[in-house]
Amino acid sequence: MPPLLQVKGVSKRFGPVQALDNVSFSLDAGEILGIVGENGAGKSTLIKILGGAYHPDAGEILLDGRQVTIESPEDGLNLGFAVIYQELSLVPELSVAENLFLGHLPTGILGSVDRKVLLERSAALLERIQLDVNPTQRVSLLRIDARQLIEVGKALSRDVRILIMDEPTSSLNEKEIAHLFAVVRSLRETGVAIIYISHYLEEVFALCDRVMVLRDGQEVGIRDVQDWTPAEIVRAMVDRSIEDFYPKATVQPGAEVLTLRNLSLTGRVENASFTVREGEIVGLAGLPGSGINEVMQMVAGILEPTSGEMTLLGQPYTPTSPRAAIARQVGYLPEDRKEKGLFLEFSIEKNVVVSILDRLSTWGVLHLRTMAGVARDAMKTYRIKAPGVKTPVKDLSGGNQQKVLLARVGQVAPRLQVMNDPTRGIDVGAKVEVYERIGEYVQQGGAVLLLSSELPELIGICDRIIVFRDGRQMADIPRNEFSQDLIMTYAAGTADANNGGMP
Amino acid sequence: MSTTTSTAKTPRERMGELWRRGGVLIALIILSGVFALLSPRFLTINNWLNVLLQTATIGVVAIGMTFVIVTAGIDLSVGSVVALSGMVAAVAMRAGASGPVGILVALVTGGLVGLFNGISITRLGVTPFIATLATLAMGRGLTLAISSGQTIFDFPPSFTFIGDGKIASIPMPVIILLLAFLIAHFVLSRTVFGHNVYAVGGNREAAHLAGINTTRTEMLVYVIAGVLAGLSGIILTGRLDAALPTSATGLELNAIAAVVIGGASLFGGKGTMLGTLLGALTIGVLANGLNLLNVSPFWTQFIQGAVIFLAVLNDSLNQRKKH
């Protein structure tokens, strides 16, 4: 019997960019194939070809051994391909049931929607995706994880044979990821083939049967998952060795920069007490709901603590706004660079200097030449790859966008930076560069408070890791005692493995 | 897909970019050329001073509106504020106030309405559209109430000079429009406040986290719009030497149109004062030229609407190209 899907020599070119170059692979029913690669490696192009959004320049696609052409997304659906893109496609104002069967609602006489059949089928589908919601509920009232599952349900409503998921976990927490994985595994049992695109190697190892690595549009390795090691995958993705992956600068810690004493936020954080010194990178680890986000936001002036105190360089520190924190030279790097960090339409220059305009002006009048100079220096220091300081940040890659944010925070905060997941959703090469910049910063006497959704990252670059559970500080672990098991023991209360970003 | 921004542009792309950057200027030049060919009176200095004079009231209001729209806000109350501030000044002067005091009263009235808008938007969380729709109605009602619906005439020359006077044979409203434009252009492009205005409109959450006082910035923007509407009220009242309770009805829509024709986006973060000035001139030239050609005022209104449609269409096509 031929494999369910065969892709043979598919190529696609956009102007000067060879996005896909002679890529071939096959996929069996009931198999999960992971596809990894840096941004621009060709992952998105490949799934858009399978989904019918793009047409390949060369190559063929065989389904059950017969050649097919996918002219449009509608064709793709009819052939059994369903793509779940990163941007969800649900209609928030419609009910769960209507979303599940959008485009092919069961109809009764005169073409009116048959609500009874709709609700029955919806209930069955919801059971399949293990989601306990009322089918008549409006989607706008649901959380993001439920919406993600409804996207899966929507695909299932059309007799999907090949389900393609593009970075489905980027806005889910660990528990929600575990749920999604359970659903995906149960689909595999029923013979659905799954193509799973992810930035997170932990997820790929936890879920996939085989893994394909793309680099510069070419397939550079496809093996069963047990024949890969994470190091080998990274090497294949970036063509560089893993030893340099977590560059760790050794810095002798200096004077106390930030001290928390019994810092609390009613119902969310209880008595957080720790110190960050010059030259130190202190990590915050914890599961969602542990309170680490709130601790960061209190230090950054976004949330006001209900009790307890902070000192900064020996002086009392009570920031009431991000502006007040910045006035004390405490910088905050937000977790969602597009929503909370960047002005996408503005130039690199404007994005870099936005927090220090007061310093670059006299009586409110800006020194334009100084601004451009600061931005040019920052582009050099942070190795931002762009034609010039006037380039809009929306034209940059994710990694370079993140470096623009780092540069901004670097301008305001020579002493302390609070970083919320600084490498989220950027490719491996850019991650290494971010670690290098953080290393340089602490070598110059800066201090960093770091939150990350990836435990290996914390273990890789931190000097100490402070673990929270249910709003309480559980442990303050020095680098020589770091291990995933120990941290998870404190974070979860047990050492049980977890499929999410924190294995 | 990573696409490089440094790749050479085709002539067609270059034309596209030129159109995006200078579209309103090109449109204004073409429009003027057509009118110049069709009417010998169009290209005279007198006619151009007339165009500028007609543009002044809308132009001054549109300058304030630009600040508001760049923050992704909108101010529908400005037409009412023009009438109200003129009327309050008129009532004050009839009660014996001097011309300069009348001017001050009008500006303060405008500023206070702007402050009220700013407070309800930033502190009370009312959306700009609704908040200023309410002040539009309240302002007009107040104007009718304090004047008992009557027109008030006859003001001191020191007041009417603003709308009716000339310096070196240039009408005062034209001088005020150009001065207001130069100052506003400087503020928006060269000051910390101006950059904060763009930042608030570009991404409010990011602006807050980057340490910008978003509340103060937004508040100020509505106060500026109010004060400039007050200034426009002085010009209008002075030029007519009369305060009409129904004057400037619908002016807010022309002001918004000028800003949008000038290339600002109603989604915020984008727009320039030069664009707004050219946008206001486009509306003025259109009205003037069609008038010279004896086109019926009904059709003039239709054609103005069509021009606004084309400007907005151009903007949304550019937006779509980006995604």
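Scroll up for the structure.
## Some points on the packing of aromatic side chains
Residues and elements named next belong to chain B.
Item 1. Per the stated rule, a full pass over the model turns up eight aromatic pairs over all chains.
Item 2. Seen from their ring centres, Phe 42 and Trp 48 are 5.7 Å apart, and the 70 degrees between their planes marks the pair as edge-to-face.
Item 3. Ring geometry for Phe 67 versus Phe 193: centroids 6.1 Å apart, planes at 35 degrees, classification tilted. Of this pair, Phe 67 sits in helix 2 (residues 45-70) while Phe 193 sits in helix 8 (residues 192-202), placing them 126 residues apart in sequence.
Item 4. Looking at Phe 67, the relative accessible area reads 3%, which means it is buried.
Item 5. Take Phe 193: its relative accessible area is 17%, and that puts it in the buried class.

## Some words on the interface of chain A and chain B
Item 1. Between chain A and chain B, the contact holds 36 residues from the first and 25 residues from the second.
Item 2. Carbon and sulfur atoms supply 68% of the area that chain A and chain B bury against each other, a total of about 2500 Å² over both sides.
Item 3. Per-residue buried area on chain A facing chain B is highest for Arg323(A), Phe343(A) and Phe346(A); these three make up 20% of the total on that side.
Item 4. The interface formed by chain A and chain B includes zero salt bridges.

## Brief notes about the pattern of salt bridges
Residue and element names in this part refer to chain A.
Item 1. A full pass over the atoms with the stated rule returns 27 salt bridges over all chains.
Item 2. A salt bridge links Glu 176 to Arg 143, with the shortest nitrogen-to-oxygen separation between them at 2.4 Å. Of this pair, Glu 176 sits in helix 6 (residues 174-189) while Arg 143 sits in the loop between helix 4 (115-128) and helix 5 (144-156); the two residues are 33 residues apart in sequence, bridging distant segments of the chain.
Item 3. We classify Glu 176 as buried; its relative accessible area is 10%.
Item 4. Relative accessible area serves as the criterion here: at 51%, Arg 143 is assigned to the exposed category.
Item 5. A salt bridge links Arg 188 to Asp 209; the shortest N-O distance between them is 2.8 Å. Pair noted here: Arg 188 is in helix 6 and Asp 209 is in the loop between helix 7 (201-207) and strand 9 (210-215), with a separation of 21 residues, a long-range link.
Item 6. When salt bridges with common partners are traced through the structure, they connect Arg 383, Lys 385, Lys 403, Glu 433, Glu 436, Arg 437 and Glu 440 into a single cluster.

## Brief notes about the sheet that holds strand 2 (residues 17-27) of chain A
Residue and element names in this part refer to chain A.
Item 1. Taken in spatial order, the four strands make up an open sheet running 2-1-4-5, and their pairing is antiparallel. If you trace the sheet from one side to the other, it starts and ends with strand 2 and strand 5 (66-68), each paired once. With direction set aside, neighbouring strand axes in the sheet form an average angle of 30 degrees.
Item 2. Pairing analysis gives five bridges linking strand 1 (residues 5-14) to strand 4 (residues 58-63), with the strands arranged antiparallel. Counterpart to Gln 6 in the pairing with strand 4 is Leu 62.
Item 3. Contacts from helix 1 (residues 43-51) reach strand 1, strand 2 and strand 4 within the one sheet, and its direction differs from that of strand 2 by about 65 degrees.

## A short note on the side chain of Ser347(A)
All names here are of chain A.
Item 1. You can see Ser 347 is positioned in the loop between helix 11 (337-341) and helix 12 (348-353).
Item 2. Assessed through its relative accessible area of 12%, Ser 347 is described here as buried.
Item 3. Separated by 3.1 Å, the side chain of Ser 347 and the backbone nitrogen of Lys 350 make a polar contact.
Item 4. If sequence neighbours within four positions are ignored, Ser 347 has contacts with Val 389, Lys 390, Thr 391, Pro 392 and Val 393.

## Observations regarding the sheet that holds strand 10 (residues 218-224) of chain A
All names here are of chain A.
Item 1. As summarised here, the arrangement of the six strands in space is 6-7-8-3-9-10, forming an open sheet in which the pairing is mixed. On the outer flanks of this sheet lie strand 6 (81-84) and strand 10, each paired with one strand and no other. Neighbour-to-neighbour, the strand axes of the sheet open up by a mean angle of 15 degrees, direction not taken into account.
Item 2. The sheet strands contacting helix 5 are strand 6 and strand 7 (162-166), and the helix crosses strand 6 at an angle near 170 degrees.

Rules and cut-offs
- The residue numbering used here restarts from 1 in each chain and proceeds along that chain's sequence as written.
- Chain labels run from A onward and ligand labels from 1 onward, assigned in the order the entries are written.
- At least 70 in pLDDT is required for a residue's local features to be given in this predicted model, at least 80 for side-chain atom pairs to be given and counted, and no such filter applies to totals for whole chains, interfaces and linings, which use all residues.
- The side-chain quantities take in all heavy atoms of the structure and omit both hydrogens and water.
- Here is the rule: rings of Phe, Tyr and Trp (six-membered ring for Trp) pair when centre to centre is within 6.5 Å. Planes less than 30 degrees apart are stacked, more than 60 are edge-to-face, and the remainder are tilted.
- Each helix corresponds to a stretch of at least 4 residues labelled H or I by DSSP, and each strand to a stretch of at least 2 residues labelled E; elements are numbered beginning at the N terminus.
- Categorising residues by exposure relies on relative accessible area from a 1.4 Å probe, with only protein chains included: less than 20% of the type maximum marks a residue as buried, more than 50% marks it as exposed, and the intermediate range marks it as partly exposed.
- For this analysis, residues touch if any pair of their heavy atoms sits within 4.5 Å.
- Once two parts are brought into contact, the accessible area they lose, counted with a 1.4 Å probe and summed over both, makes up the buried area.
- Any carboxyl oxygen of Asp or Glu within 4 Å of a side-chain nitrogen of Lys or Arg constitutes a salt bridge here.
- Only when DSSP finds a minimum of two bridges between them are two strands counted as paired.
- Note on method: axes are straight lines fitted to C-alpha atoms, helices fitted across the in-contact stretch only, with angles between N-to-C directions ranging 0 to 180 degrees.
- Any pair of N or O atoms that falls within 3.5 Å is considered a polar contact. Within protein, one atom must be able to donate a hydrogen and the other to accept it, and sequence-neighbouring residues count only if both atoms are side-chain atoms.

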